[in-house]
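Structural features, examined
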Amino acid sequence: MKSLEEFVELFAEQFDETDASEITAATVFHDLDEWSSLIGLSVIAMVDEEFDVALKGDDVKNSVTVEDLYNRVIAKL
Amino acid sequence: MVYLRLLEPEDYEITYKWRNNYNNQKMTCGPIRFISKEMERNWAQNHSLDNSYNIYLAICLIENDEMIGWYSINNIDHKNQKCECGGIVIGDRRYKDGMAYREAGDLAFQYIINELNMNRVTGSCLKEHILSRADMEASFWKLEGIERQAIFKNGTYHDICHYAILREEYLEHLHNGDYNNLTLRIAKAVKKLRKEQYLL
């Protein structure tokens, strides 16, 4: 199982313009300038590929921080 | 989460703000123009009176009726039973997470198929509009052609992709359950198209 740190790194890779150093487990990702439906869907694809977990849109919508989202992924394993 | 209604004349105040937001306009197939409030007022007024050939729908939240975007169905041809999905704009940044976009798109498509009784539905977008292309490709729309250097925007020419789906194709995929887990299908298509774009 991937750690929270690895998840944060994979999460940050979905952004084109946001520096990875700006993204931590505590980041409120909806507030990031680059956050968009495109990034959200890329995160869903990443989770499917790396964790074999099918996130729903509501999982992303209702998570506040990157760690919240990680916990939702882990709960679905 | 959302419902659709016909645009009302007073909606111009909010569409005016979205229309003059570059981020909302940069990925459309139309040119970027400065719009005055008077022009926007006339636009909303005109479209609030037409539900036959071009239908402009406000996307509103069920919980409080707040308008968060709009959707247009254009060039409705009742003889040949075809129309164009002219575009979808989620103007309110808080709802730019793809969910309202998907839900509004589904509602509009159901209306197009089940109420307007359209047989052929088309949609066009800039080649670099990944979300729009992923949505159509994941929903089994077929790419019928690419119009090269069709529009000049932001100092360069852009290609436009033209997609279409027939009623029989939609119903077959629906019958087969191919639209189950559509969000994940779109997500995978997004990833593929982003990778392709990155490699260009």
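Chains are numbered independently. Their residues run from 1 in the order of the written sequence. Following the order in which they are written, the chains are lettered starting with A and the ligands numbered starting with 1. Whole-chain, interface and lining totals are the exception, using all residues; otherwise, since this is a predicted model, local features are given only for residues with pLDDT of at least 70 and side-chain atom pairs are given and counted only at 80 or more.

**Things to note about the overall build of chain A**
- The secondary structure listing takes helices from DSSP runs of H or I that are at least 4 residues long and strands from runs of E that are at least 2 residues long, numbered from the N terminus. Scanning chain A for helices and strands turns up four helices and zero strands.
- Overall, chain A shows an N-to-C arrangement of helices and strands of α-α-α-α.
- Each radius of gyration reported is based on C-alpha atoms, and the globular scaling rule is 2.2 Å times the count of residues to the power 0.38. Its C-alpha atoms give chain A a radius of gyration of 11 Å, within 12% of the compact-globule value 11 Å for 77 residues.
- Considered along the principal axes of its C-alpha atoms, chain A spans approximately 30 × 25 × 20 Å.
- For chain A, the proportion of its 77 residues judged to be buried stands at 32%.
- Note on contacts: each residue gets a C-beta atom placed from the backbone, and two residues are in contact if those atoms are within 7 Å. Contacts in chain A between residues far apart in sequence, at least 24 positions, make up 52% of those at least 6 positions apart. Partly exposed residues are those whose C-beta has more than 12 but fewer than 20 other C-beta atoms within 10 Å; 20 or more makes a residue buried and 12 or fewer makes it exposed, with C-beta atoms placed from the backbone.

**Details of the interface of chain B and chain A**
- Each partner contributes residues to the interface: chain B has 17 residues there, and chain A has 14 residues.
- Of all the secondary structure elements, the ones that give two or more residues to the side of chain B that touches chain A are α4 (99–114), α5 (130–138) and α7 (182–199) of chain B.
- A per-element tally of the side of chain B that touches chain A places α7 of chain B first, with eight residues.

**Side note on the domain arrangement of chain B**
Residues and elements named next belong to chain B.
- Domain annotation of chain B identifies domain 1 (1–118) and domain 2 (119–200).
- For domain 1 and domain 2, the distance between their C-alpha centres works out to 19 Å.
- The partner domain 2 presents 17 residues to the 15 residues of domain 1 that form the contact.
- Secondary structure elements with two or more residues in the side of domain 1 that touches domain 2: β4 (82–90) and α4.
- All residues other than Ala, Val, Leu, Ile, Met, Phe, Trp, Tyr, Cys, Pro, Asp, Glu, Lys and Arg, Gly among them, are scored as polar; the first ten of these are nonpolar and the last four charged. When its residues are assigned to classes, the side of domain 1 that touches domain 2 shows nine nonpolar, two polar and four charged. For the purposes of this description, domain bounds are those given by an automatic or database domain assignment.

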